[in-house]
Amino acid sequence: MKLEEAKKLLEKCGQEHVLAFWNKLGKKEREALLAQVATIEPESVKYCQEALAKGADVPDSSKGKAPKVAVLKGKKLAAAVEAGEKELKAGRVAALLVAGGQGSRLGYDGPKGCYSIGPITDAPLFYFHARKILARTIRYGRPIPFYVMTSEANNAATVECFEKNDYFGLNPKDVFFFTQGMWPGMTKDGKIILDAPGHVFMSPDGHGGLLAALKKSGALADMKKRGIKSVFFFQVDNPLVEIADPAFIGYHVMNKSEYSLKLCAKRDPKEKVGVPMQFGKTFRMVEYTEMTDEQCNRKAKDGSLYFLYGSPAIHVFDREFLDREASQPMPLHLAFKKIPQVDGKGKVVKPTEPNGYKFEKFIFDILPKAKVAAFLAFEQKDEFSPVKNAEGGDSPATCKADMQAKWRRWLAEVGVTVAEGVPLEIDPLYAVDAADLKANGICLDA
Ligand code: UTP
């Protein structure tokens, strides 16, 4: 982009101040600033300003009802597994990972997916995800293309991690990296924030940025070309997730669902997870912050929590639904933060109080748009233990303990008892479930 073009673009959205220090910038800084300006879309700026003017949109959840959640057992489970396996054998299933987050709570300097989590091998989170995909690819004889969303900040390091590790055994042709968008931060009055004289403060546009990025990158077109129907969505920080689980895929297709969610019973009434609720014929994810105390603690007739189930962000989408929604605007969520900002003289000031807004889109905001949605229950201990914090709950320590407890349960199913405290790790390629252990036999490496 040339300077004149940048001026015109910024004038269009009333952000001329972005070039205020142009005359003081060196050649490289000027080039970098022009490259940043080129990514700013006047419509997006307007959209952010409108969101600011409207303020936080906290919808009324008082009329929400608990949706019907399926618990599959016996014949119903077998039928769902069969239907899912049919899809996997036909090569109609893809895996979609959102890994563009900043991982600020964990405080790890690098993409979260590169964080070591293997209790014995120290293998990174990406290893467990990729090997599970590889295991199912081998089992069903068709590739499960793996779409990985990164951010500008972590894309290069993510790709490097895959390359250094030979794609963890996956065929590189079946791995598709794409980068999510960035939004400029803004002051309360809708002015883009400069965090250095030649630099706009920008942050990733949230996991909901996925839709626009899928379209822009060509990932959606690639899915279509490959004949993908069901897209299994998951987050990078949960190594317990059962990627492309046949029962879930099967349940999704049997229901002709556009958006299916795996849900687990909340660990406590106020657990910080989204809760799907039904409003008439549609569904919406209600964030824990939007629920009243009464709603959190309400009891069903059998004494259990009425809003029992929370969402750990494990979804299956119909590809055509993603395609349809990819060009639609999504609501913006505002976060008021302390953002370094240059003053009128070009000096960077670090604020002590929040001074600016970051904007994010959330993927579950498309739930009300689904013509059919389906909800499936699962055991939290089997499939969800995220690495969010450096210490305490949802930390590497709790996650490693939960991974080992799961493997210990599998081993117990095949008659092997491993005492608590004995380190344990099973390569997903060796076994993705207890049935695999039975089939492959067990060789303990003591
Ligand atoms: P979180 O909301 O836990 O955020 O992301 P985070 O960035 O990983 O961690 P904190 O909040 O900074 O500590 C849930 C999932 O959504 C992805 C993350 O990579 C993670 O898989 N995500 C989040 C994105 O892909 N892009 C984003 O802009 C935000």
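Calculation criteria
Residues numbered from 1 in each chain as written. Predicted model: local features only at pLDDT ≥ 70, side-chain atom pairs only at ≥ 80, totals over all residues. Heavy atoms only, no water. Pairing = 2+ DSSP bridges. Helix = DSSP H or I, 4+ residues; strand = E, 2+ residues; numbered from the N terminus. Axes fitted to C-alpha atoms, helices over the stretch in contact; angles between N-to-C directions. Contact = heavy atoms within 4.5 Å. Parallel < 35°, antiparallel > 145°, perpendicular 65-115°, else oblique. Nonpolar A, V, L, I, M, F, W, Y, C, P; charged D, E, K, R; others polar. Expected span 1.5 Å × (residues − 1). Near = heavy atom within 4 Å. Polar contact = N/O pair within 3.5 Å; in protein donor to acceptor, adjacent residues only side chain to side chain. Areas by Shrake-Rupley, 256 points an atom, 1.4 Å probe, with all protein chains shown as cover. Salt bridge = Lys/Arg side-chain N within 4 Å of Asp/Glu carboxyl O. Buried < 20%, exposed > 50% of the residue type's maximum accessible area, 1.4 Å probe, protein only.

S.K.: For this particular structure, what's the right way to read the sheet that holds strand E1 (residues 93–98)?
M.R.: Pairing between the strands of a sheet is mediated by backbone hydrogen bonds and can be parallel or antiparallel. As summarised here, the arrangement of the seven strands in space is E3-E2-E1-E8-E12-E9-E17, forming an open sheet in which the pairing is mixed. Looking at strand neighbours, the two that pair on one side only are strand E3 (175–179) and strand E17 (373–377), the edges of this open sheet. Between one strand axis and the next, the sheet turns through 25 degrees on average, direction left out of account. When E1 meets strand E2 (residues 146–150), the two strands line up parallel, connected through four bridges. Bridging across to E2, Leu96 finds its partner in Tyr147. Contacts from helix H6 (residues 155–164) reach E2 and E3, with the element oriented near 165 degrees to E3.

S.K.: I keep staring at the packing of helix H4 (residues 74–89) against helix H9 (residues 246–254) and nothing clicks. Help me out?
M.R.: Packed helix pairs are specified by the crossing angle of their axes together with the interaxial distance, meaning the distance between the axes. At a minimum axis separation of 6 Å, H4 and H9 run at an interaxial angle of 90 degrees. By the angle class used here, H4 and H9 are roughly perpendicular. Here Leu77, Ala79, Ala80, Val81, Ala83, Gly84, Glu85, Glu87 and Leu88 of H4 lie close against H9, whose contacting residues are Pro246, Ala247, Ile249, Gly250, Tyr251, Val253 and Met254. Class assignment for the residues of the contact of H4 with H9 results in 12 nonpolar, two polar and two charged.

S.K.: Help me understand helix H2 (residues 27–38), please; the structure alone is not making it clear to me.
M.R.: Think of an α-helix as turning once every 3.6 residues; residues three or four places apart then point the same way. Taking 1.5 Å of rise per residue, 12 residues should cover 16 Å, and H2 covers 17 Å from first to last C-alpha, within 8% of that figure. On its buried face, H2 sits against helix H1 (3–12), strand E6 (199–200) and strand E7 (202–204).

S.K.: Where do I start with the side chain of Lys361 in this structure?
M.R.: Here Lys361 shows up in the loop between strand E16 (356–360) and E17. When sequence neighbours within four positions are dropped, the list of residues in contact with Lys361 reads Trp183, Asp205, Gly206, His207, Gly208, Gly209, Met330, Pro331 and Leu332.

S.K.: Whenever I open this one, the site of the ligand confuses me. Can you help?
M.R.: The environment of the ligand is formed by 18 residues, the closest being Val98, Ser104, Arg105, Gln180 and Lys388. A distance of 3.0 Å separates an oxygen atom of the ligand from a polar backbone atom of Val236. When the ligand is considered free in solution it has 570 Å² of accessible area, and contact with the protein chains removes 86% of it. Residue classes in the shell around the ligand are distributed as five nonpolar, nine polar and four charged.

S.K.: When you look at the pattern of salt bridges in this model, what are you seeing that I'm missing?
M.R.: This model, assessed by the stated rule, comprises 28 salt bridges. Between Asp436 and Arg139 there is a salt bridge whose closest N-O contact spans 2.8 Å. Separated by 297 residues along the polypeptide, Asp436 in helix H14 (residues 434–440) and Arg139 in helix H5 (residues 125–140) bring together distant segments of the chain. With a relative accessible area of 35%, Arg139 lands in the partly exposed category. One salt bridge in this structure joins Lys388 and Asp237, with 2.8 Å as the shortest N-O distance. One end of the pair, Lys388, is in the loop between helix H12 (380–383) and helix H13 (396–413); the other, Asp237, is in the loop between strand E8 (230–235) and H9, and 151 residues separate them in sequence. When sorted by exposure, Lys388 lands in the same class as Asp237, which is buried. Where salt bridges share partners, they join Lys112, Asp237 and Lys388 into one cluster.

S.K.: Please clarify how the environment of Asn355 should be interpreted in this entry.
M.R.: Residue placement: Asn355 occurs in the loop between strand E15 (348–349) and E16. Relative accessible area serves as the criterion here: at 17%, Asn355 is assigned to the buried category. The spacing of Asn355 and Phe336 is 19 residues in sequence and 6.9 Å in space, taken between C-alpha atoms. Of the polar contacts made by the side chain of Asn355, one reaches the backbone nitrogen of Ile339; its length is 2.7 Å. In this structure the side chain of Asn355 is engaged in a polar contact, spanning 3.1 Å, whose partner is the side chain of Gln341.

S.K.: So what exactly am I meant to see when it comes to the pairing of strand E10 (residues 275–279) here?
M.R.: Look at any regular strand and the pattern is simple: side chains alternate between the two faces of the sheet. Pairing between E10 and strand E11 (residues 282–286): five bridges, direction antiparallel. Its bridge partner being in E11, Pro276 is matched across the sheet by Met285. Where E10 folds back on E11, the antiparallel hairpin that results is connected by two residues, among which Gly280 adopts a positive phi of roughly 60 degrees.

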